[in-house]
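# Report on the structure
If you want the building blocks of each chain, they are given just below.
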Amino acid sequence: MFLLTTWKCINRTLGKEALLLTAILLSACSDGSRDEKVTTDAVTVDNGVQVQLNGSGASFPFPIYAKWFRDFSRSETGVQVNYQPKGSSAGIQDFIAGVVDFAASDAAMTEREIAEVTQGVVLLPVTAGEVVLAYNLEGVDELKLPRDVYPEIFLGKIDHWQDPRIIAANPNVVLPDSAITVVTRADASGTSYVFSGHLSAINDNFQSAVGQSTTPNWPGGANFVSAPKNDGIAAEVRQTPGAIGYVNYGVAKLTDLPVARLENKVGNFVSPGPAAGGAALANAQFSAGTLPGNNAPNLIAWVPDPTGNNAYPIVSFTWLLVYVDQDNDKAAAMRRLVDYVLSDEAQAEANALGYIPLPQNVREKVREAAQYIK
């Protein structure tokens, strides 16, 4: 029986709208089999389990993780994968505390956090995605936001949709005569880390006033509201006319929210998608070194402001966090899970769910790093 997670906190705080969004996500991840049912606890398949892998963390990759972990659990007799999308920071804390078998984070891990993991850690980038600006403007199907504008929106400096700079970038668009409602994350988040890192890289004012963080200190203006997790922001944007918020492209795509075209480093306005995201990831440079405390390769790489004519400007890998030393049976199952998510079959599912398939050279680096799981 397949049990696919809904988000408890979202359902409590946002009610029917969040339930609608969750249903859309479930539908997108489902293959239509009659033995599926919704619960609020974990992604899991009961198949005569002998080895259980429990994980928690990032909500950014949850739609594709749900699909992958379900399909792997169905194909691997005796292995069950559970995953709770609690947010990157919560996943890291669970991982450090040793209450999970693996975690997931869009913020990777800091050296201090890595040092706290006594069993050792391997960080594996298994997928990648784009952070997009989803908006709710009636009749506006296409919105361009220059790179000197959208950081100022999230600084509270631009707070009206008829600001001259927004109008200038959208001369043929009828923008509403209304205030901008800015929706940010209420919980510690790897998505926030990636987004605030990009804004810090392109705007000195943002860097000095807010900076990069999993919990950015957003302005406290009346036009700022917050919601937990990616689907919480999506729900808040959907139900608030004039709203804009940052979410994973996969969530925006699956919930049919319009997203802005953003001006990239070379001055082109680019829509998110696999080609634009792949062009951005081409800028990623991995270290030749190893992670602190063990010999596992360091596969942490950031692309805060990618170059390239067709590169979408906000892109990031997202990582599985796995212990180096663990139970032999769980280690073997974890290596098989990593091998599955790197397969051509699994990576081919990325486009439909709003993620970026990993290049073959990156997949090979991840396969080599996974051999350190013992």
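In this report, the structure presented in the accompanying data block is examined. (Residues numbered from 1 in each chain as written. Predicted model: local features only at pLDDT ≥ 70, side-chain atom pairs only at ≥ 80, totals over all residues. Heavy atoms only, no water.)

Counting secondary structure elements, the protein chain contains 15 helices and 14 strands. Put simply, of all contacts in the protein chain between residues at least 6 apart along the chain, 76% involve residues at least 24 apart. Put simply, the protein chain shows about 14400 Å² of open surface, and 47% of that area lies on carbon and sulfur atoms. (Helix = DSSP H or I, 4+ residues; strand = E, 2+ residues; numbered from the N terminus. Contact = heavy atoms within 4.5 Å. Areas by Shrake-Rupley, 256 points an atom, 1.4 Å probe, with all protein chains shown as cover.)

Turning to the pairing of strand β5 (residues 79–84), a few remarks are in order. Most of β5 sits inside the fold, with five of its six residues counted as buried. By the bridge criterion, six bridges tie strand β4 (residues 51–57) to β5 in an arrangement that is parallel. Paired with G55 across the bridge in β5 is Y83. Viewed along the sheet, the connection from β4 through helix α2 (residues 62–75) into β5 turns out right-handed. (Buried < 20%, exposed > 50% of the residue type's maximum accessible area, 1.4 Å probe, protein only. Pairing = 2+ DSSP bridges. Right-handed = clockwise from strand over helix to strand, strands pointing away.)

Here the focus is the sheet that holds strand β7 (residues 121–135). Taken together, eight strands build an open sheet; the order of strands is β5-β4-β6-β14-β7-β11-β9-β10 and the sheet is mixed. Edge positions in the sheet fall to β5 and β10 (224–227), since each has one partner strand and no second. Ignoring which end each strand starts from, the neighbouring axes of this sheet average 25 degrees apart. Relative to strand β14 (residues 315–323), strand β6 (residues 102–105) runs antiparallel, the two sharing four bridges. Pairing of A103 across the sheet is with L321, part of β14. The sheet contacts of helix α3 (residues 88–97) involve β4, β6, β7 and β14, and relative to β6 the element is tilted by about 150 degrees. (Axes fitted to C-alpha atoms, helices over the stretch in contact; angles between N-to-C directions.)

Here we take up helix α11 (residues 274–281). A276, G277, A280 and L281 are the residues of α11 that are buried. Projected down its long axis, α11 carries its buried residues within an arc of 140 degrees, all on one side. (Arc of directions from axis to C-beta.)

A word on α3. With seven of 10 residues buried, α3 is to be regarded as a mostly interior element. Within α3, the full set of buried residues consists of S88, S89, G91, I92, D94, F95 and I96. Buried residues along α3 sit in contact with β4, β6, α4 (111–115), β7, α7 (190–202) and β14.

Another aspect to go through is the pattern of salt bridges. In this structure the tally under the stated criterion is 14 salt bridges. Put simply, R261 and E142 hold a salt bridge, and the shortest N to O gap is 3.4 Å. Of the two residues, R261 sits in strand β12 (residues 261–263) while E142 sits in the loop between β7 and β8 (144–145), which places them 119 residues apart along the sequence. Classification of R261 as partly exposed rests on a relative accessible area of 23%. Residue class for E142 comes out partly exposed when judged on its relative accessible area of 42%. In this structure, the salt-bridge partner of E364 is R367, at a minimum N-O distance of 2.7 Å. Of the two residues, E364 and R367 are both situated in helix α15 (residues 360–370); the distance of three residues between them amounts to about one turn of the helix. Looking at E364, the relative accessible area reads 38%, which means it is partly exposed. Each of K67, R70, D71 and E349 takes part in a single network of salt bridges with overlapping partners. (Salt bridge = Lys/Arg side-chain N within 4 Å of Asp/Glu carboxyl O.)

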